[in-house]
Amino acid sequence: MPMPQTTAPEKKGIGTVQIVIAVAIMGILGLLGYKALRNSPGGFLAGPAEYELQYRPADFSYNIDNETALAILQNPRRYRREFNELVHDINTDILRHVSNRLGLNDSLQQAVLEEYELQHPQFVDLYYNDFMRLRDTSAALYETWYDEGGQKVTEIFEEVASNYTCFMLNKVLAAVIRTRNGNILARGADVQNPCSIAMGEALQPLLARMRERAAIEDFSRSKGLFQEKVENVIGELATIEIRDKKGINKNLQTTIWGMNVSETDVEITALSILKVGFRLNEYFDLQLDEQNKTVNITLPEPVILSHEVLPKVEKLDIGWLREVEGVNINEGVNALRENFREDALESNVMERAKTQAQQLMDTMFGPLVANIGPEYRLVVNFRGAPVRVTQGELGK
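Bear in mind that the values here come from a model prediction, so they are computed numbers and not experimental data.

A. A look at the packing of helix α2 (residues 66-74) against helix α3 (residues 80-102). Packing of α2 against α3 brings their axes to within 9 Å, and their N-to-C directions diverge by 130°. In terms of orientation, α2 lies oblique with respect to α3. As for how α2 packs across α3, the hand of that crossing is left-handed. Contacts from Ala69, Ile72 and Leu73 in α2 reach Glu82, Phe83 and Leu86 in α3. Across the contact of α2 with α3, the residue classes break down as five nonpolar, no polar and one charged.

Encoded structure:
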């Protein structure tokens, strides 16, 4: 007897198993797809992505105008919005450079900048508050020939930026790139800590250029005061003093009808003190040449500033007719004076005075020139016959 009822339940059971298996497979595929989408760098659901960095060389470039930046730092309350933009531009330039050096792909580089945009309000408040605190604290101690010099505010901003750059970098990168046990995977020929790249290759060169511009502006503002101080306080600059001693014998005779009836012998010695130098109250010029990176000082030609002749009568043997008169002594002293001058000029005293002046200018203005920048040199010229001497060549 046939039993058809047993075939229908078997077919129904097979269909249920197939449905369960298909649902399970779809669930697994969906989970894998979700994870892939979530972990893909720059994806909509992406979190910090584990990324093996491949370091590559990159040159740091920045879009900061140093003159504008200095104006902002000198008046931060007035230019608060510009201060915020300055911090934003500096930090994003640093992040771009570090991202290039780490070899991040385009999507991760964009994610880095987007992450910073989210955290920028917090960072800019930290920068501004610390900058104002240090600026106000140092104001009472800051003494210079000009108020609120660019070098001082640059120094303060450098201290603030140095405190926060690594913190900012690590916080932004940690939100974009997943670390393994706190470490970022990296490979390459020049693997460095991202913080050292940001500080050594980006922030420090940027601030060095800003310091140079600040020194140039401070020098330009104080140049007139420098010249006024030199001209009024120094006036005459004596660089060479020559001391010499000479003697002269003079024999005076009185004759009558060709016969010597009286004779006087005079011996005079004299001490000469001759000073050669420059009249700075008549001419002194100080100029900064940014193109050639020189500070040019122009002095007048050297002249004899003073000449003292101190005579002394060593021997005076007067005849009975007393031939000696005041004019005789004066003639002898004047003759000695002329001899002193001739000997001094023949000894190349003017060139020696120039050499001394060059060394003295280097001593006086060398630290000022070095403060502008290591590439700057001091050049000393003389009006009429220029002599160029650069700082560092003196004394060779």
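B. The packing of aromatic side chains, seen in detail. One pass over the full model with this rule turns up ten aromatic pairs. Between Arg80 and the ring centre of Tyr128, over which it is positioned, the NZ or CZ distance is 3.7 Å. Positioned above the aromatic ring of Tyr283 is the side chain of Arg383, whose terminal nitrogen or guanidinium carbon lies 3.9 Å from the ring centre.

C. Region of interest: the side chain of Glu115. You can see Glu115 is positioned in helix α4 (residues 106-139). Despite its burial, Glu115 pairs with no opposite charge; the closest candidate is Lys171, at 7.5 Å N-O. Every residue in contact with Glu115, bar those within four places of it in the chain, is listed here: Val172, Ala175 and Val176.

D. Representation of the pairing of strand β10 (residues 377-382) within the structure. Along β10, five of the six residues are buried, which leaves the element largely enclosed by surrounding structure. Inspection of the sheet shows strand β8 (residues 294-299) paired to β10 by six bridges, in the parallel sense. Residue pairing across strands places Ile297 opposite Val380, the latter belonging to β10.

E. Region of interest: the packing of α2 against helix α5 (residues 150-176). One way to put it is that α2 packs onto α5 with a least axis distance of 9 Å and a crossing angle of 85°. Considered as vectors, α2 and α5 are oriented roughly perpendicular to each other. Note on element contacts: α5 touches α2 through Gly150, Val153, Thr154 and Phe157, opposite Leu70, Leu73 and Gln74. Taken together, the residues of the contact of α2 with α5 break down into four nonpolar, three polar and no charged.

F. Region of the structure containing the layout of surface pockets. As a volume, the largest pocket reaches approximately 190 Å³. Around the largest pocket, the lining residues are Gln151, Glu155, Ala208, Arg209, Arg211, Glu212, Ala215, Asn371, Ile372, Gly373, Pro374 and Glu375. No other element matches the five residues that helix α6 (residues 194-234) contributes to the lining of the largest pocket. Its residues assigned to classes, the lining of the largest pocket shows four nonpolar, three polar and five charged. The residue makeup of the lining of the largest pocket includes at least three contributed by each of domain 1 (53-221) and domain 2 (239-320 + 327-383).

G. Spatial organisation of unusual backbone geometry. One non-glycine residue, Lys293, lies in the positive phi region at around 55°. The topology assignment puts Lys293 in the loop between β7 (285-289) and β8. Although it is not a glycine, Asn348 adopts a positive phi angle of roughly 65°. Topologically, Asn348 is positioned in the loop between α7 (326-346) and α8 (349-372).

H. Fine view of the state of the cysteines. What the rule picks out here adds up to one disulfide. The residue that forms a disulfide with Cys166 is Cys195, at a sulfur-sulfur distance of 1.6 Å. What sets the handedness of the Cys166 and Cys195 disulfide is the S-S torsion sign, and at about 50° it is right-handed. Here Cys195 lies in helix α6 and Cys166 lies in helix α5, a separation of 29 residues in the sequence. As far as burial versus exposure is concerned, Cys166 and Cys195 are alike and both buried.

I. Highlighting the pattern of salt bridges. Enumeration according to the criterion identifies 14 salt bridges in this entry. A salt bridge links Glu212 to Lys293; the shortest N-O distance between them is 3.1 Å. Within this pair, whereas Glu212 is found in helix α6, its partner Lys293 is found in the loop between β7 and β8, the two being separated by 81 residues in sequence. A relative accessible area of 24% means that Glu212 is categorised as partly exposed. Exposure remark for Lys293: the relative accessible area of 24% places this residue in the partly exposed category. Ionic pairing is found between Glu241 and Lys275, a salt bridge with its closest N-O pair at 3.8 Å. Separated by 34 residues along the polypeptide, Glu241 in strand β5 (residues 236-256) and Lys275 in strand β6 (residues 259-279) bring together distant segments of the chain. Connected through salt bridges with shared partners, the residues Glu67, Arg213 and Glu290 form a single ionic network.

Quick notes on the rules
Residues numbered from 1 in each chain as written. Predicted model: local features only at pLDDT ≥ 70, side-chain atom pairs only at ≥ 80, totals over all residues. Heavy atoms only, no water. Axes fitted to C-alpha atoms, helices over the stretch in contact; angles between N-to-C directions. Helix = DSSP H or I, 4+ residues; strand = E, 2+ residues; numbered from the N terminus. Parallel < 35°, antiparallel > 145°, perpendicular 65-115°, else oblique. Left-handed = near helix turned anticlockwise from the far one by under 90°. Contact = heavy atoms within 4.5 Å. Nonpolar A, V, L, I, M, F, W, Y, C, P; charged D, E, K, R; others polar. Phe/Tyr/Trp six-rings, centres within 6.5 Å; stacked < 30°, edge-to-face > 60°. Lys NZ or Arg CZ within 6 Å of the ring centre and 35° of its normal. Buried < 20%, exposed > 50% of the residue type's maximum accessible area, 1.4 Å probe, protein only. Lys, Arg positive; Asp, Glu negative; His and termini not counted. Salt bridge = Lys/Arg side-chain N within 4 Å of Asp/Glu carboxyl O. Pairing = 2+ DSSP bridges. 1 Å grid on protein atoms, 1.4 Å probe; cavity = no way out; pocket = protein on both sides within 12 Å on 5 of 7 lines; lining within 4 Å. Points joined across faces, edges and corners; volume = space filled by probe spheres on them. Domains from an automatic or database assignment. Disulfide = S-S within 2.5 Å.

Function-wise, these values are silent; they only describe arrangement.
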